[in-house]
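What follows is the residue order along each chain.
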Amino acid sequence: MNTQTSIRKGRKFDQVLEGARTVFMADGFEGASVDDIARAAGVSKATLYSYFPDKRLLFMEVATTECCRQSDQAPQDIDMSGPPQLVLDQVGRTFLRFITSKFGQQIFRLCVAEGDRFPDLAHAFYESGPMAMQRMIIEYFRQSIARGELRIDDLDLAASQFAELCKADLWTQLVFGIAQEHSNTDIDRVVTGAVDTFMARYGT
């Protein structure tokens, strides 16, 4: 790994990470200052820099940790043995709420902006975010197919299609700055349409 993108772990690593998460979630990447993060973490700036020499690295570590937390939490909050119509609706809402949140948008924009300079960071986010969801939904597909509820030949393609259906026009509006946020009503409309469309194609 390039020394510019190196981080080290130590006794106060988790403490720094939690303080950074608090500040980033409240102020975003641009609005968060190193002084505020150090204060929230209860460490000196020197200690913070010893773990994370660049604020981008710290943001990406927080981002990937948050993505992993959400992807780990989702199966606990959702009855993965339930019928596709119900499970896909819940998975879709969890996914769409995260990617359209202020934090989710900041993660995406930072990955795009810094992808050329720090490709390892973009890859880490992709693995912990989109790919984590894909692996989870594919495992559910296998179970649902075994129960005779779905009929799918290409599991990877079907998982990607469901994710894209959930984005619909809401994601595009945010990316291009046409909208700053979306209501629960907007999310309900898109996810319901995504599930209905998916089930029309793959439901038995």
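Residues numbered from 1 in each chain as written. Predicted model: local features only at pLDDT ≥ 70, side-chain atom pairs only at ≥ 80, totals over all residues. Heavy atoms only, no water.

1. Considering the packing of aromatic side chains
- Overall, the coordinates contain ten aromatic pairs when judged by the stated rule.
- On the numbers, 4.9 Å between centres and 85° between planes, the contact of Phe-24 with Phe-59 is edge-to-face. Remark: Phe-59 occurs in helix H4 (residues 55-77) and Phe-24 occurs in helix H1 (residues 13-31); sequence separation between them is 35 residues.
- The lysine or arginine in question, Lys-55, covers the ring of Phe-29, its NZ or CZ lying 4.6 Å from the ring centre. (Phe/Tyr/Trp six-rings, centres within 6.5 Å; stacked < 30°, edge-to-face > 60°. Helix = DSSP H or I, 4+ residues; strand = E, 2+ residues; numbered from the N terminus. Lys NZ or Arg CZ within 6 Å of the ring centre and 35° of its normal.)

2. Comments concerning the pattern of salt bridges
- Tallying each qualifying case throughout the model produces ten salt bridges.
- Note that Asp-89 is salt-bridged to Arg-93, the shortest N-O span being 2.7 Å. Within this pair, Asp-89 and its partner Arg-93 are both found in helix H5 (residues 84-99), separated by four residues, close to a single helical turn. Across the pair, exposure class does not vary: Asp-89 and Arg-93 are buried alike.
- A single salt-bridge network, built from bridges that share partners, covers Asp-89, Arg-93 and Asp-188. (Salt bridge = Lys/Arg side-chain N within 4 Å of Asp/Glu carboxyl O. Buried < 20%, exposed > 50% of the residue type's maximum accessible area, 1.4 Å probe, protein only.)

3. A look at H1
- For H1, built from 19 residues, the straight-helix expectation of 27 Å at 1.5 Å per residue is missed by more than 12%, its first-to-last C-alpha distance being only 22 Å.
- The sharpest bend along H1 comes to roughly 85°, located at Met-25.
- Within H1, burial applies to Phe-13, Val-16, Leu-17, Gly-19, Ala-20, Val-23, Phe-24, Gly-28 and Phe-29. (Expected span 1.5 Å × (residues − 1). Bend = angle between axes of the 7 residues up to and from the residue.)

4. Observations regarding the UniProt feature "domain: HTH tetR-type" (unreviewed entry) in the protein chain
- Taking the UniProt record as the reference, the feature "domain: HTH tetR-type" (unreviewed entry) is found at residues 10-70.
- The span residues 10-70 is 82% helical and 0% strand by assignment, and the distance between its end C-alpha atoms comes to 24 Å. (UniProt positions renumbered as here; feature names shortened; annotations may be inferred.)

5. Here's the deal with the packing of H1 against helix H2 (residues 34-41)
- Direction vectors running N to C along H1 and H2 enclose 130°, while the axes themselves pass 7 Å from each other. When the axes of H1 and H2 are compared, the pair comes out oblique. Relative to H2, H1 is oriented so that their crossing is right-handed. Seen from H1, the contacting residues are Gln-15, Val-16, Gly-19, Ala-20, Val-23, Phe-24 and Asp-27; seen from H2, they are Asp-36, Ile-37, Ala-40 and Ala-41.
- Residue composition of the contact of H1 with H2, grouped by class: seven nonpolar, two polar and two charged. (Axes fitted to C-alpha atoms, helices over the stretch in contact; angles between N-to-C directions. Parallel < 35°, antiparallel > 145°, perpendicular 65-115°, else oblique. Left-handed = near helix turned anticlockwise from the far one by under 90°. Contact = heavy atoms within 4.5 Å. Nonpolar A, V, L, I, M, F, W, Y, C, P; charged D, E, K, R; others polar.)

6. Notes on unusual backbone geometry
- Positive phi, close to 40°, is recorded for Ala-168, a residue that is not glycine.
- Following the sequence through the fold, Ala-168 ends up in helix H9 (residues 155-175).
- For Ala-168, a relative accessible area of 37% puts it in the partly exposed group.

7. Re the nonpolar core
- By size, the foremost hydrophobic cluster in this structure holds 63 residues, and its most contacted members are Phe-24, Leu-58, Phe-141, Phe-162 and Phe-198.
- Split by domain, this core shows at least three residues from each of two domains, domain 1 (1-61) and domain 2 (74-202). (Core = buried A, V, L, I, M, F, W, Y, C linked by side-chain atoms within 4.5 Å. Domains from an automatic or database assignment.)

8. Here's the deal with the domain arrangement of the protein chain
- In terms of domain boundaries, the protein chain breaks down into domain 1 (1-61) and domain 2 (74-202).
- A straight line from the C-alpha centre of domain 1 to that of domain 2 covers 28 Å.
- Facing 13 residues of domain 1, the contacting portion of domain 2 comprises twelve residues.
- Of the roughly 1100 Å² buried where domain 1 meets domain 2, counting both sides, 74% is carbon and sulfur surface.
- Here domain 1 is connected to domain 2 by zero residue pairs in polar contact (both at pLDDT 80 or more).
- Broken down by secondary-structure element, the contributors of at least two residues to the side of domain 1 that touches domain 2 are H1 and H4.
- With six residues, the top contributor of residues to the side of domain 1 that touches domain 2 is H1.
- Partitioned by chemical class, the residues of the side of domain 1 that touches domain 2 number eight nonpolar, three polar and two charged. (Buried area = accessible area lost by both parts, 1.4 Å probe. Polar contact = N/O pair within 3.5 Å; in protein donor to acceptor, adjacent residues only side chain to side chain.)

9. Examining the UniProt feature "DNA-binding region" (unreviewed entry) in the protein chain
- Residues annotated in UniProt with the feature "DNA-binding region" (unreviewed entry) correspond here to residues 33-52.
- Across residues 33-52, helical content stands at 75% and strand content at 0%; the span's end C-alpha atoms are separated by 13 Å.

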